[in-house]
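Below are the chains, spelled out letter by letter.
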2 protein chains.
Amino acid sequence: MRKKNKNEFPKERILNEAEVLFAQKGFHEVTVREITKAAKCNLAAINYHFGNKENLYLEVFRARWVPRARRIREHVGKSLSAQDSPSPQAVIKALAQAFLEGPMSDEERKRHSQLMAREMARPTAAFDLVAEQAMGPLMKELAEVLRPGLPDKMGEDRLMLNMLSVLAMVLYFNFARVAVTRMTGREYDHAFRRRLVEHIVEFSLNGLGVGEKEGDR
Amino acid sequence: MRKKNKNEFPKERILNEAEVLFAQKGFHEVTVREITKAAKCNLAAINYHFGNKENLYLEVFRARWVPRARRIREHVGKSLSAQDSPSPQAVIKALAQAFLEGPMSDEERKRHSQLMAREMARPTAAFDLVAEQAMGPLMKELAEVLRPGLPDKMGEDRLMLNMLSVLAMVLYFNFARVAVTRMTGREYDHAFRRRLVEHIVEFSLNGLGVGEKEGDR
DNA sequence: GTCTATAGCAGGATAGAC
DNA sequence: GTCTATCCTGCTATAGAC
């Protein structure tokens, strides 16, 4: 049932190209002409396979984004399950790495963050997917693994704000790359992403009130 | 030279409504028909006064956003000049308050953050204005007032990352309100904004490595 | 399933009356 | 300066050949 050619079926190519373009520009700034051209298929293909443009957008989240979010969570979980009681430092580092240096290509991670940031900034029908299938489970999981390493008196709401703050940094350093590059004067390359992970871990650990002094540099 | 009516000149009304709509939806999702309707003037007015839609967008930044950014900076500066050598805590608090509880209405602050976040996520011709007239000067000023209260060994690049992280939180808690509300289960009301300022100050101070233990709650 | 052709409409911009 | 009427482009979506 495989196509003989290099690429997959048109439907898959459309999903791939649509995700790239939606992440870069957002829903309204992308045209179906653009997508079908990039996917090397016909203008009518989107309506045939997905009904309309909006449903294609949703399908990008269902078929691409949500599974990737799950892979990211699993990757974080796997990094941590090696240790039987992971330190807050290990937890934060696993999270930051997943978004900045993780198992995927930098382009893929950037795409993922951009789509997420777009939905959080201006929710569409896809927002429920983002909240229920990714943010919710991730926050819950993080709370569980962080809890044992934190001061007992830290309330749930405070822990949630702390986790959101870490997420804020992770997303920000992805979606605001141009601004970050301009302000720091540094290329957004491998070394810089590594530096960012280091920074986020340190800043967040201190932010959480469990910093290791600061002698590891 | 004042118009007898409640509102200002059409040109001013267009700028006002355009800023609201651009902040809410972004450039491409807003139509000139929408703007002129909201501004209660004619469809042709935008082209007459601004030449075209894109130039109106730029003019919103030049005539509204940049002056407000300056007012915010001045407000931060004024909060700090009362003290002759402001503590890092005072600096961060002034910054967080400026964006979350500051001198303007909540709607105005939200609008300001949204426009800023949009340009940082996907720069247009207005990005240079944002970077040169607001972010740059703000970062520079913050660095100057923070520096005396920080450990000497903190390098410039590290300080910059720290300030960007604070900015990340401030912007995030503004532009991702829907997500924040969903995750925390709290209304985005006066009390919650107050709580957010408190959180950002604490998290950032610790993040900066100069936290006051944590006995102030 | 994939294509071409086109319907039908909304967008930004403009001309010209007042 | 402000209006109405209209042009023209580019969009999504569909019909129908292959």
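Residues numbered from 1 in each chain as written. Chains lettered and ligands numbered in written order. Predicted model: local features only at pLDDT ≥ 70, side-chain atom pairs only at ≥ 80, totals over all residues. Heavy atoms only, no water.

Before going further, it helps to examine the interface of chain A and chain B. Taken together, the contact between chain A and chain B spans 54 residues of the former and 54 residues of the latter. When the two sides are added together, the surface that chain A and chain B hide from each other amounts to roughly 4700 Å², 63% of it contributed by carbon and sulfur. Linking chain A with chain B are 10 salt bridges, by the criterion used here. As a salt-bridge pair, E132(B) and R182(A) come within 3.7 Å of each other at their nearest N and O atoms. (Contact = heavy atoms within 4.5 Å. Buried area = accessible area lost by both parts, 1.4 Å probe. Salt bridge = Lys/Arg side-chain N within 4 Å of Asp/Glu carboxyl O.)

Here the focus is the protein's contact with DNA strand C. Around DNA strand C, 15 residues are found, and the nearest of them are N42(A), V32(B), R33(B), N52(B) and K53(B). Take the atoms of DNA strand C that sit within 4 Å of the protein: sugar and phosphate atoms are 54% of them. Here N42(A) contributes a side-chain N or O atom positioned 2.8 Å from a phosphate oxygen of DNA strand C. Within the backbone of V32(B), a nitrogen or oxygen atom sits 2.9 Å from a phosphate oxygen of DNA strand C. Where the surface near DNA strand C is concerned, the elements lending two or more residues are helix 3 (45-50) of chain A together with helix 2 (32-38) of chain B. A breakdown of the residues in the surface near DNA strand C according to their chemical character gives 8 nonpolar, 5 polar and 2 charged. (Near = heavy atom within 4 Å. Polar contact = N/O pair within 3.5 Å; in protein donor to acceptor, adjacent residues only side chain to side chain. Helix = DSSP H or I, 4+ residues; strand = E, 2+ residues; numbered from the N terminus. Nonpolar A, V, L, I, M, F, W, Y, C, P; charged D, E, K, R; others polar.)

Okay, the packing of aromatic side chains next. Given two aromatic rings, their pairing is described by the distance between the two centres and the angle made by the two planes. Inspection of every chain in the model, using the stated rule, returns 18 aromatic pairs over all chains. Aromatic side chains F175(A) and F175(B) sit 5.3 Å apart centroid to centroid with 80° between the ring planes, which places their arrangement in the edge-to-face category. Separated into two different chains, F175(A) in helix 8 (residues 156-175) and F175(B) in helix 8 (residues 156-175) make up a pair that spans both. Like F175(B), F175(A) is buried. (Phe/Tyr/Trp six-rings, centres within 6.5 Å; stacked < 30°, edge-to-face > 60°. Buried < 20%, exposed > 50% of the residue type's maximum accessible area, 1.4 Å probe, protein only.)

Residues and elements named next belong to chain B. Note on placement: E108 falls in helix 6 (residues 106-121). Taking relative accessible area as the criterion, E108 reaches 17% and is therefore assigned buried. At 2.9 Å, the side chain of E108 and the side chain of R68 are in polar contact. Setting aside chain neighbours within four positions, we find E108 in contact with R68 and R71.

Glancing now at the protein's contact with DNA strand D. Within the structure, DNA strand D sits among 15 residues, and V32(A), R33(A), P10(B), N42(B) and H49(B) are positioned closest to it. When the atoms of DNA strand D within 4 Å of the protein are grouped by moiety, sugar and phosphate amount to 54% of the total. Residue V32(A) places a main-chain N or O atom 2.9 Å away from a phosphate oxygen belonging to DNA strand D. Interatomic distance of 3.0 Å between a side-chain N/O atom of H49(B) and a phosphate oxygen of DNA strand D.

What follows is about the domain arrangement of chain A. All names here are of chain A. Taken domain by domain, chain A holds domain 1 (1-51) and domain 2 (65-208). Its C-alpha centre places domain 1 at a distance of 29 Å from the equivalent point of domain 2. Residue-level contacts link 7 residues of domain 1 with 5 residues of domain 2. Together domain 1 and domain 2 conceal approximately 530 Å² of surface at their shared face, both sides included; 51% is due to carbon and sulfur atoms. By the criterion of area lost to domain 2, the three top residues of domain 1 are E19, V20 and A23, representing 75% of everything that side buries. Linking domain 1 to domain 2 there are 2 salt bridges. The shortest N-O distance in the salt bridge between R68 and E19 comes to 2.9 Å. (Domains from an automatic or database assignment.)

This part takes up the environment of A23(A). Residues and elements named next belong to chain A. Within the secondary structure layout, A23 lies in helix 1 (residues 10-25). Each C-alpha atom of the pair A23 and Q97 lies 20 Å from the other, and the pair is 74 residues apart in sequence. In this structure, A23 is in contact with R111, Q114, L115 and R118, ignoring residues within four places of it in sequence.

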